[in-house]
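Single-letter residue listing:
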Amino acid sequence: MSVRVEFFYDLSSPWTRLAFHNFRAAIAGRDVAVTWRPFLVGGVFNAVNQSVYESRANPDNPKFRLSFVWLKEWARLAGLRMNFPSEFHPVKSVHAMRFCCALAEQPEDLLRFSEAAFEAYFGDARNIDDPEVLEDIANACGLDGAALKAAAGSDAVKARLRANTDEAIARGAYGSPTIFVDGAFMYFGNDQLPLVMQRIAMVEAG
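Residues numbered from 1 in each chain as written. Predicted model: local features only at pLDDT ≥ 70, side-chain atom pairs only at ≥ 80, totals over all residues. Heavy atoms only, no water.

**Student:** Explain the state of the cysteines residue by residue, including any values.
**Tutor:** With the rule as written, the count across this model stands at 0 disulfides. The thiol of Cys101 is unpaired, and the distance to the nearest cysteine sulfur, on Cys100, comes to 7.1 Å. Left without a disulfide partner, Cys141 is nearest to the cysteine sulfur of Cys100, which lies 10 Å away. Among the residues examined, Cys141 registers a relative accessible area of 14% and is labelled buried. (Disulfide = S-S within 2.5 Å. Buried < 20%, exposed > 50% of the residue type's maximum accessible area, 1.4 Å probe, protein only.)

**Student:** Give a detailed account of the packing of helix H7 (residues 131-140) against helix H8 (residues 145-152), specifying residues and quantitative values.
**Tutor:** Following both chains from N to C, one finds H7 and H8 inclined at 130°, their axes separated by 8 Å at the closest point. The orientation of H7 relative to H8 falls into the category oblique. Here H7 runs over H8; the crossing is right-handed. Between H7, through Pro131, Glu132, Glu135, Ala138 and Asn139, and H8, the contact on the second element is made entirely by Gly145, Ala146, Leu148 and Lys149. Classifying every residue of the contact of H7 with H8 gives 4 nonpolar, 2 polar and 3 charged. (Axes fitted to C-alpha atoms, helices over the stretch in contact; angles between N-to-C directions. Helix = DSSP H or I, 4+ residues; strand = E, 2+ residues; numbered from the N terminus. Parallel < 35°, antiparallel > 145°, perpendicular 65-115°, else oblique. Left-handed = near helix turned anticlockwise from the far one by under 90°. Contact = heavy atoms within 4.5 Å. Nonpolar A, V, L, I, M, F, W, Y, C, P; charged D, E, K, R; others polar.)

**Student:** Lay out a nonpolar patch on the surface with the relevant residues and their values.
**Tutor:** Nonpolar side chains collect at one region of the surface, where Leu66, Val69, Trp70, Trp74 and Leu77 lie side by side and expose about 500 Å² of accessible area between them. Turning to its location among the elements, Leu77 is positioned in helix H4 (residues 62-78). Assessed through its relative accessible area of 69%, Leu77 is described here as exposed. (Patch = residues over 30% accessible without salt bridge, like charges linked within 9 Å, V, L, I, M, F, W, Y side chains within 5 Å. Areas by Shrake-Rupley, 256 points an atom, 1.4 Å probe, with all protein chains shown as cover. Salt bridge = Lys/Arg side-chain N within 4 Å of Asp/Glu carboxyl O.)

**Student:** Describe the packing of helix H1 (residues 14-26) against helix H10 (residues 193-205), with residues and values.
**Tutor:** Any two packed helices are characterised by the angle at which their axes cross and by the distance between the axes. Look at H1 against H10: their axes get within 11 Å of each other, and the N-to-C directions meet at 30°. Relative to H10, H1 is oriented roughly parallel. The interaxial crossing formed by H1 with H10 has right-handed handedness. Each of Ala19, Asn22, Phe23 and Ala26 in H1 lies in contact with H10, whose residues at this interface are Leu193, Val196, Met197 and Ile200. Within the contact of H1 with H10, the residues separate by chemical class into 7 nonpolar, 1 polar and no charged.

**Student:** Give a detailed account of helix H9 (residues 155-170), specifying residues and quantitative values.
**Tutor:** If you check H9, its first and last C-alpha atoms are 22 Å apart, about what 16 residues at 1.5 Å a residue would give, namely 22 Å. Among the residues of H9, those classed as buried are Val157, Leu161, Asn164, Thr165 and Ala168. The buried residues of H9 occupy an angular sector of 95° when the element is viewed end-on, so they sit on one face. Among the exposed residues of H9, those oriented more than 90 degrees off its buried face are Asp155, Ala156, Arg162, Asp166 and Ala170. Where H9 is buried, its residues contact strand E1 (3-9), strand E2 (32-38), helix H2 (41-48), helix H5 (94-102) and H8. Positive phi shows up at Gly172, right after H9, with a value of about 105°. (Expected span 1.5 Å × (residues − 1). Arc of directions from axis to C-beta.)

**Student:** Requested: an account of unusual backbone geometry, with residues and values cited.
**Tutor:** A cis amide bond links Phe84 with the next residue in sequence, Pro85, at an omega value of 0°. Positionally, Pro85 belongs in the loop between H4 and H5. In this model, His89 is joined to Pro90 through a cis peptide bond whose omega is -5°. In this fold, Pro90 is placed in the loop between H4 and H5. Backbone geometry at Ala125 places phi at a positive 55°, although glycine is not the residue there. As for its position among the elements, Ala125 is in the loop between helix H6 (107-123) and H7.

**Student:** Outline the pattern of salt bridges, listing residues and values.
**Tutor:** Side chains that carry opposite charge are capable of pairing whenever their charged atoms lie near each other. In this structure the tally under the stated criterion is 16 salt bridges. Residue Arg81 is joined to Glu119 by a salt bridge in which the shortest nitrogen-to-oxygen separation is 2.7 Å. Here Arg81 is found in the loop between H4 and H5, whereas its partner Glu119 is found in helix H6, with 38 residues between them in sequence. Note that Glu135 is salt-bridged to Lys149, the shortest N-O span being 2.9 Å. In this pair, Glu135 sits in helix H7 while Lys149 sits in helix H8, placing the two residues 14 residues apart along the sequence. Because the salt bridges share partners, they merge into one network encompassing Arg17, Arg24, Arg81, Glu115, Glu119 and Asp124.

This is the structure we're talking about:
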């Protein structure tokens, strides 16, 4: 029986970019059923984790400064480009996450678009707050960008994004990525992926 995993993510988060890549590599060949859940990490911060904004307001904080050093070391370890922070940081992600929600019923397309958008923002330093840029990203990975942009503006998609964000908050999320294994066990961030994989193995073992 497949192990169920829910992966709540926001395209604007550099640690999520790492976890999105590393988690997919870790579960390759495993019987893991993943539901990819786009949400708004800014909505989560506003609700339960405003300390994030306080740390950004003090860029001389040693932990804040070193986090960018560690981020690029993690990216090098994963073989990913990490041109971050860019001129667009911190980027608003509402448009980008609506594009993702519009693909929620097509998981393969959602993964393809998400990977391309991560690479556009963190590799090419493009502005993923711009719907025209998002449309171009979608076209470049074989999707119908114009149709996706139209769908992303629908009331149903906007409601889905709000619902995903509200659900994550209600279940205890405080940042991106937030990962649930077997419905109940919550993990956060790229550095907790070993714990995610350990939990998956425990569920597999019964």
